[in-house]
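Summary of structural features
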Amino acid sequence: MTPTPMATIICSAIVFMLLSMTMMAQADDSGGGKPKATDLMVRACKNASFNNPHVDPVTEEFCLTTLKSDNRSTKAMDLRELLLVADDILRGRVTATGSTVKKMLENTRKGTVPMRVLSLCEVDYDTVLSILKICDVMIRDYRGDEDKLQSSELVSCVDMAYDCINECGSELVDMPAVGALVNENNELAMLVKLNAALVAPHDISQ
């Protein structure tokens with residue numbers, strides 16, 4: 001029996017979830033596990049959990065777990081460098097999720113609800129990547145009081161990415177069968193909130 005388009009989409013979502021779990025397991029096993037959090041990471045994550053600009057909180061544990069997933073976090077000398085690592089982590093996840101959506105689209109019949117939903121999410125993820133590139137440049141160029149750029153503008157830039165991810169999440173309501181993709185989109189939203197929380201209360205030039 002030839003599999004239906006929806007069955008193919010669900011299968012792709014399951015494969016994506018299993019691949020994500022495998023990648024996380026390999027990351028834990030490589031190099032003796034995740035690195036130990038530095039004082040800078042602990043301070044940044046504690047402040048982020050207190051000063052999160054969003055309603056739902058970003059926990060210190062989530063912050064530390066995210067940063068420890070990239071060894072460059074332990075080598076960061078200041079908050080600016082730490083935030084750039086967090087930005088790279090987010091961009092990597094968005095890129096991976098966007099690639100999965102593109103593959104799912106290849107097996108989706110035109111003119112269907114899944115085609116519409118996935119196509120919109122594809123655009124959303126591509127837009128997020130473009131926004132994050134701009135945010136990255138803003139972070140690298142930020143000079144605190146020496147610059148006309150305000151810290152709030154950095155938060156606004158990151159929040160633009162959140163709006164796109166939230167938009168995809170709203171569309172995915174029409175595709176309850178792809179739970180793995182829904183969960184991944186929710187995790188991306190949390191990562192965006194983390195980035196906003198890291199930059200919100202600080203002068204990152206210090």
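Further up the page is the structure itself.
The text that follows walks through the structure, step by step, so that each part is easy to find. (Residues numbered from 1 in each chain as written. Predicted model: local features only at pLDDT ≥ 70, side-chain atom pairs only at ≥ 80, totals over all residues. Heavy atoms only, no water.)

**Re the state of the cysteines**
The cut-off we apply is this: A pair of sulfur atoms, both from cysteines and within 2.5 Å, is called a disulfide here. For the purposes of this entry, the term helix denotes a DSSP run of H or I that reaches at least four residues, the term strand denotes a run of E that reaches at least two, and both are numbered from the N terminus. Residue exposure (1.4 Å probe, protein chains only): buried if accessible area is under 20% of the type maximum, exposed if over 50%, otherwise partly exposed.
Summed over all chains, the structure comprises three disulfides. One disulfide bridge connects Cys45 with Cys63, the sulfur atoms lying 2.0 Å from each other. Taking the sign of the S-S torsion, about -70° here, the bridge from Cys45 to Cys63 comes out left-handed. Of this pair, Cys45 sits in helix 2 (residues 39–50) while Cys63 sits in helix 3 (residues 60–68), and the two are 18 residues apart along the sequence. Here the two residues Cys45 and Cys63 agree in accessibility, since each one is buried. One disulfide in the model links Cys121 with Cys168; its S-S distance is 2.1 Å. Between Cys121 and Cys168, the disulfide has an S-S torsion of 100° and is therefore right-handed. Separated by 47 residues along the polypeptide, Cys121 in helix 5 (residues 113–141) and Cys168 in helix 6 (residues 151–172) bring together distant segments of the chain. Owing to a relative accessible area of 0%, Cys168 belongs among the buried residues under this scheme. When the cysteines of the protein chain that form disulfides are numbered from the N-terminus onward, they connect as 1-2, 3-6, 4-5. As a non-bridged cysteine, Cys164 has Cys168 as the owner of its nearest cysteine sulfur, 9.9 Å distant. Judged by relative accessible area, which is 13%, Cys164 ranks as buried.

**Some thoughts on the packing of helix 4 (residues 79–106) against helix 5**
Stated formally: Each axis is a line fitted through C-alpha atoms, and for a helix only the stretch in contact is used; angles between axes span 0 to 180 degrees, taken between their N-to-C directions. Under this scheme an angle from 65 to 115 degrees is roughly perpendicular, one under 35 degrees roughly parallel, and one over 145 degrees roughly antiparallel; angles in between are oblique. Crossings are assigned a handedness: left-handed for a near helix turned anticlockwise from the far helix by less than a right angle, right-handed for a clockwise turn. Three categories are distinguished: nonpolar for Ala, Val, Leu, Ile, Met, Phe, Trp, Tyr, Cys and Pro, charged for Asp, Glu, Lys and Arg, and polar for the others, with Gly belonging to the last.
Direction vectors running N to C along helix 4 and helix 5 enclose 160°, while the axes themselves pass 9 Å from each other. The orientation of helix 4 with respect to helix 5, classified from their angle, is roughly antiparallel. In the crossing of helix 4 with helix 5, the sense of the turn from one axis to the other is left-handed. Its residues placed into classes, the contact of helix 4 with helix 5 shows 14 nonpolar, four polar and ten charged.

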